[in-house]
Amino acid sequence: GDSVTQMEGPVTLSEEAFLTINCTYTATGYPSLFWYVQYPGEGLQLLLKATKADDKGSNKGFEATYRKETTSFHLEKGSVQVSDSAVYFCALSGVGGTSYGKLTFGQGTILTVHP
Amino acid sequence: EAQVTQNPRYLITVTGKKLTVTCSQNMNHEYMSWYRQDPGLGLRQIYYSMNVEVTDKGDVPEGYKVSRKEKRNFPLILESPSPNQTSLYFCASRSLPGPLALHFGNGTRLTVT
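Presented here is an overview of the structure given in this document. (Residues numbered from 1 in each chain as written. Chains lettered and ligands numbered in written order. Predicted model: local features only at pLDDT ≥ 70, side-chain atom pairs only at ≥ 80, totals over all residues. Heavy atoms only, no water.)

1. Observations regarding the environment of Tyr35(B)
Right, on to step 1. By the secondary structure assignment, Tyr35(B) is in strand E4 (residues 31-38).
Right, on to step 2. For Tyr35(B), a relative accessible area of 0% puts it in the buried group.
Right, on to step 3. Expressed as a C-alpha distance, the spacing of Tyr35(B) and Leu76(B), which sit 41 residues apart in the sequence, is 10 Å.
Right, on to step 4. Look past the residues within four positions of Tyr35(B) in its chain and what remains in contact with it is Lys102(A), Leu103(A), Phe105(A), Leu43(B), Arg44(B), Gln45(B), Ile46(B), Leu88(B), Tyr89(B), Phe90(B), Leu102(B) and Phe104(B).
Right, on to step 5. Engagement of the side chain of Tyr35(B) in a polar contact is seen with the backbone oxygen of Leu103(A), the distance being 2.9 Å. (Helix = DSSP H or I, 4+ residues; strand = E, 2+ residues; numbered from the N terminus. Buried < 20%, exposed > 50% of the residue type's maximum accessible area, 1.4 Å probe, protein only. Contact = heavy atoms within 4.5 Å. Polar contact = N/O pair within 3.5 Å; in protein donor to acceptor, adjacent residues only side chain to side chain.)

Now the structure itself:
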């Protein structure tokens, strides 16, 4: 079945540091890929998405590129802020059968940014 | 405002006492789903629904029931809760078809003692 693997956390950075959170996936066909962010006490919010190979999703300074050849969708940001502290989830959307419409999530990566 | 509303936000109960967590969306979405979030495991799907009266099991359905009598509502029912169902629960919805993102509620923190 479909699966998503994220880098182990937690990740602790200083403000303005470069961020990478690795995400790789296993799926049949060509799934859509997503990054969600969860701030303390809140539900998950869509951060960015990509629906086909080589697409780059971007939002709020975050970027991720859909790499079919390496089955990866790594999240990057050039300069993090304290307000970026949150839990980040990589996810894929299945393309057929019982996977259609379903999001499969990675285990989440806790990011803490210090001033 | 487009939203998914879950109630209650926090719930403490005892083993075996039936409970229902409500979920309602105002976006006319066909697809609704329940997830549970546990540390180190991410979010796992419990049940989902493609439309009214159409529901199916996700990855961890044991101990849960759902119903979809109206398009906007998708309650999660625990008929006999057990401590291993202590978790953070999220309801989510989206339109079909297409690779559209899920919209999530703010979660229900359930503790079963």
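Resuming the write-up.
2. Let's talk about the state of the cysteines
Right, on to step 1. Tallying each qualifying case throughout the model produces 2 disulfides over all chains.
Right, on to step 2. Two residues, Cys23(A) and Cys90(A), share a disulfide whose sulfurs are 1.9 Å apart. Between Cys23(A) and Cys90(A) the disulfide shows an S-S torsion of about -70°. By sign, it is left-handed. On the criterion of sequence distance, the pair formed by Cys23(A) in strand E4 (residues 23-26) and Cys90(A) in strand E10 (residues 86-93) is long-range, its members being 67 residues apart.
Right, on to step 3. Since its relative accessible area comes to 1%, Cys90(A) is described here as buried.
Right, on to step 4. What pairs with Cys23(B) in a disulfide is Cys91(B), and their sulfur atoms sit 1.9 Å apart. The sign of the -75° torsion about the S-S bond sets the Cys23(B)-Cys91(B) disulfide as left-handed. Within this pair, whereas Cys23(B) is found in strand E3 (residues 19-25), its partner Cys91(B) is found in strand E9 (residues 87-94), the two being separated by 68 residues in sequence. (Disulfide = S-S within 2.5 Å.)

3. A look at unusual backbone geometry
Right, on to step 1. In this model, Asn7(B) is joined to Pro8(B) through a cis peptide bond whose omega is -5°.
Right, on to step 2. Of note, the phi angle at Lys60(A) is positive, near 55°, even though the residue is not glycine.
Right, on to step 3. Tracing the sequence through the fold places Lys60(A) in the loop between strand E7 (56-59) and strand E8 (62-65).
Right, on to step 4. Lys60(A) sits in the exposed class, given a relative accessible area of 51%.
Right, on to step 5. Even without being a glycine, Thr71(A) presents a positive backbone phi close to 45°.
Right, on to step 6. The residue Thr71(A) is located in the loop between E8 and strand E9 (75-77) in this model.

4. Description of the nonpolar core
All names here are of chain A.
Right, on to step 1. In terms of nonpolar packing, the biggest core is built from 25 residues, with Leu19, Trp35, Leu47, Leu48, Phe73, Leu75 and Tyr88 touching the most fellow members.
Right, on to step 2. The element contributing the most residues to this core is E10, with 4 residues.
Right, on to step 3. Sequence-distant contacts of Leu47, that is, excluding residues within four places in its chain, are made with Trp35, Tyr36, Val37, Asn59, Lys60, Phe62, Leu75 and Tyr88. (Core = buried A, V, L, I, M, F, W, Y, C linked by side-chain atoms within 4.5 Å.)

5. Digging into the interface of chain A and chain B
Right, on to step 1. Each side of the interface is counted separately: chain A has 21 residues, and chain B has 25 residues.
Right, on to step 2. Interface area for chain A against chain B, summed over the two sides, is near 1700 Å², with a carbon-plus-sulfur share of 54%.
Right, on to step 3. Our count for the chain A to chain B interface comes out at 0 salt bridges.
Right, on to step 4. Elements represented by at least two residues in the side of chain A that touches chain B include exactly strand E5 (32-38), strand E6 (44-50), E10 and strand E11 (103-105) of chain A.
Right, on to step 5. With 4 residues, E5(A) is the single largest residue contributor to the side of chain A that touches chain B.
Right, on to step 6. For the side of chain A that touches chain B, the residue count by class is 8 nonpolar, 10 polar and 3 charged. (Buried area = accessible area lost by both parts, 1.4 Å probe. Salt bridge = Lys/Arg side-chain N within 4 Å of Asp/Glu carboxyl O. Nonpolar A, V, L, I, M, F, W, Y, C, P; charged D, E, K, R; others polar.)

6. Focus: the sheet that holds E8(A)
All names here are of chain A.
Right, on to step 1. On the basis of which strands lie adjacent, the open sheet formed by 4 strands has the order E3-E9-E8-E7 and antiparallel pairing. The open sheet has two free edges, formed respectively by strand E3 (19-21) and E7, since each of these has just one partner strand. Ignoring strand direction, the axes of neighbouring strands in this sheet form an average angle of 15°.
Right, on to step 2. Strand direction decides the pairing type here: E7 and E8, joined by 4 bridges, are antiparallel. Bridge pairing links Lys56 to Thr65 in E8. (Pairing = 2+ DSSP bridges. Axes fitted to C-alpha atoms, helices over the stretch in contact; angles between N-to-C directions.)

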